[in-house]
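Read off the chains here:
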Amino acid sequence: MAGAGPGSALGGLLDYKTAKFALTRNRRVGLLHRLLQLGVLGYLLGWVLLVRKGYQDTDRAPHAAVVTKLKGAAVAGTARRLWDAADYARPPQGEDVIFLVTNFVATAQQAQGTCPESAAVLDAVCSQDADCPMGNPVARGNGIKTGKCVMFNTTHSTCEIYGWCPVENSTLPRKPLLAEAENFTLFIKNTVHFTKFNFSKCNTLQTNDPTYFKTCLYDSFFSPFCPVFRVRDMVEAAGETFGDLALLGGSIGVRIEWDCDLDQPAARCQPQYSFSLQDRNYNFSVSHRTASYYWDSQRQLHRNLLKLYGIRFDISVHGQAGKFSIIPAAVSFGTGIAFFGAATVLCDLVLLYLDAKAEFYWKEKFEEAKPPKCKTEAAA
């Protein structure tokens with residue numbers, strides 16, 4: 001307006017707009033409004049409160065401790081050697097990563113001296129002495145070259161080496177030598193502590209029966225609170241068969257999941273176990289071999305070498321705990337109320353901009369309130 005000045009602009013800035021409620025008989029917008037409200041109510045009750053438990057404060061980083069123990073015995077090899085926990089458990093018991101020996105290749109009575117390198121080692125194949133420079137180690141082999149090319153068998157010649165002789169046996173058995181390991185048991189004791197709530201829980205059942213842990217076996221339905229697992233059951237739960245996995249080895253992941261609602265009794269806070277195949281043909285002997293040393297009657301040092309294959313169990317612990325707290329509860333309910341308001345705003349936009357009678361609704365919704373004139377002004 002031509003007469004508008006700074007004063008009128010300032011007055012418009014200080015105007016206050018109050019809400020005006022206008023009842024409309026528009027069934028389509030009314031239906032849309034009710035559907036949006038039902039959707040918000042379902043989201044608030046179903047997802048926020050029941051599923052996500054938005055009224056709780058949570059601790060998603062528990063401190064966990066794991067203790068393991070393998071038990072069982074087996075007889076293997078032509079010498080009928082007895083294997084117990086001290087032999088087939090690597091590393092020593094008690095860790096959250098444990099390796100169970102299920103197969104092995106033995107090389108007996110090795111002594112330090114000279115012998116032909118294995119024909120399976122590419123760097124050892126030769127046709128003349130010049131192919132075996134003295135003093136050079138055999139790449140991925142078993143010793144140091146002596147400078148001679150000798151017969152390994154009737155068809156192959158290899159470099160002579162100085163090392164532990166005879167060289168390591170590489171003939172793998174057709175079946176796992178420790179097949180009885182499928183019935184070995186793995187005891188897993190796990191304790192979690194949620195520091196935010198100062199709450200601790202152990203996966204072992206509180207019982208006065210001293211024989212319980214010696215006789216029970218974990219079963220997800222019949223015995224879900226027993227922390228003693230049979231090896232075959234764990235392998236099958238991971239989708240494999242023990243015979244196939246035990247031959248060349250593999251890796252099984254054991255996941256312990258805690259989901260504790262601390263608004264409920266503590267007895268209802270129990271772990272869930274799951275098993276997954278992480279790797280096949282896991283060869284423990286790639287980085288570790290084991291040997292037992294002894295002296296013969298001539299005071300010469302000998303050793304028996306074992307190349308080990310087996311199943312590695314990786315145990316991981318995850319979890320969360322929740323407990324009622326006024327702050328997350330207020331935030332969740334405040335968010336729900338805001339969504340209800342957003343539904344009303346959306347319906348207003350539809351009514352004022354998309355409806356065929358939008359101009360009529362504009363006039364009904366927005367009205368300027370003017371104060372009545374004084375009597376003296378009216379008389380004049």
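Residues numbered from 1 in each chain as written. Predicted model: local features only at pLDDT ≥ 70, side-chain atom pairs only at ≥ 80, totals over all residues. Heavy atoms only, no water.

K.L.:
Describe the nonpolar core, listing the residues and the values that go with them.
P.N.:
Counting 45 residues, the largest nonpolar core has Trp83, Tyr88 and Phe313 as its most contacted members. Ranked by the residues each element gives to this core, the list is headed by strand E15 (residues 301-324), at six residues. Sequence-distant contacts of Trp83, that is, excluding residues within four places in its chain, are made with Gly72, Ala73, Ala74, Ala76, Tyr88, Val101, Phe104, Leu178, Leu306 and Leu308. Ala124, Val138, Ile161 and Val167 belong to the second largest nonpolar core, which has seven residues in total. (Core = buried A, V, L, I, M, F, W, Y, C linked by side-chain atoms within 4.5 Å. Buried < 20%, exposed > 50% of the residue type's maximum accessible area, 1.4 Å probe, protein only. Helix = DSSP H or I, 4+ residues; strand = E, 2+ residues; numbered from the N terminus. Contact = heavy atoms within 4.5 Å.)

K.L.:
Which residues make up the side chain of Asn203, and what values go with them?
P.N.:
Note on placement: Asn203 falls in the loop between strand E10 (199-202) and helix H4 (212-215). Residue contacts for Asn203: discarding those within four places in its chain leaves Ile188, Lys189, Asn190, Phe225, Pro227, Trp258, Pro271 and Tyr273.

K.L.:
Please set out the side chain of Thr102 residue by residue, giving values where relevant.
P.N.:
Assignment of secondary structure puts Thr102 in strand E6 (residues 97-116). In contact with Thr102, not counting residues within four places along its chain, are Pro176, Leu177, Leu178, Ala181, Phe242, Ala246, Tyr309, Gly310 and Ile311.

K.L.:
So what about the packing of aromatic side chains? Which residues, and what values?
P.N.:
Applying the stated criterion across every chain yields a total of twelve aromatic pairs. Relative to Phe339, the ring of Tyr43 has its centre 5.7 Å away and its plane inclined at 70°; by these criteria the two rings are edge-to-face. You can see Tyr43 sitting in helix H2 (residues 27-51) and its partner Phe339 sitting in helix H7 (residues 326-354), a full 296 residues away along the chain. Looking at Phe339, the relative accessible area reads 36%, which means it is partly exposed. Look at Phe187 and Phe213: their rings are 6.3 Å apart centre to centre, the planes differ by 80°, and that puts the pair in the edge-to-face class. Remark: Phe213 occurs in helix H4 and Phe187 occurs in strand E9 (residues 185-194); sequence separation between them is 26 residues. By relative accessible area, which is 29% here, Phe213 ends up partly exposed. Among the aromatic residues, ring-to-ring pairing joins Tyr218, Phe229, Tyr273 and Phe275 into one connected group. The residue whose ring lies beneath Arg81 is Trp83, and the NZ or CZ to ring-centre distance is 4.3 Å. (Phe/Tyr/Trp six-rings, centres within 6.5 Å; stacked < 30°, edge-to-face > 60°. Lys NZ or Arg CZ within 6 Å of the ring centre and 35° of its normal.)

All we've got here are geometric facts, nothing functional implied.
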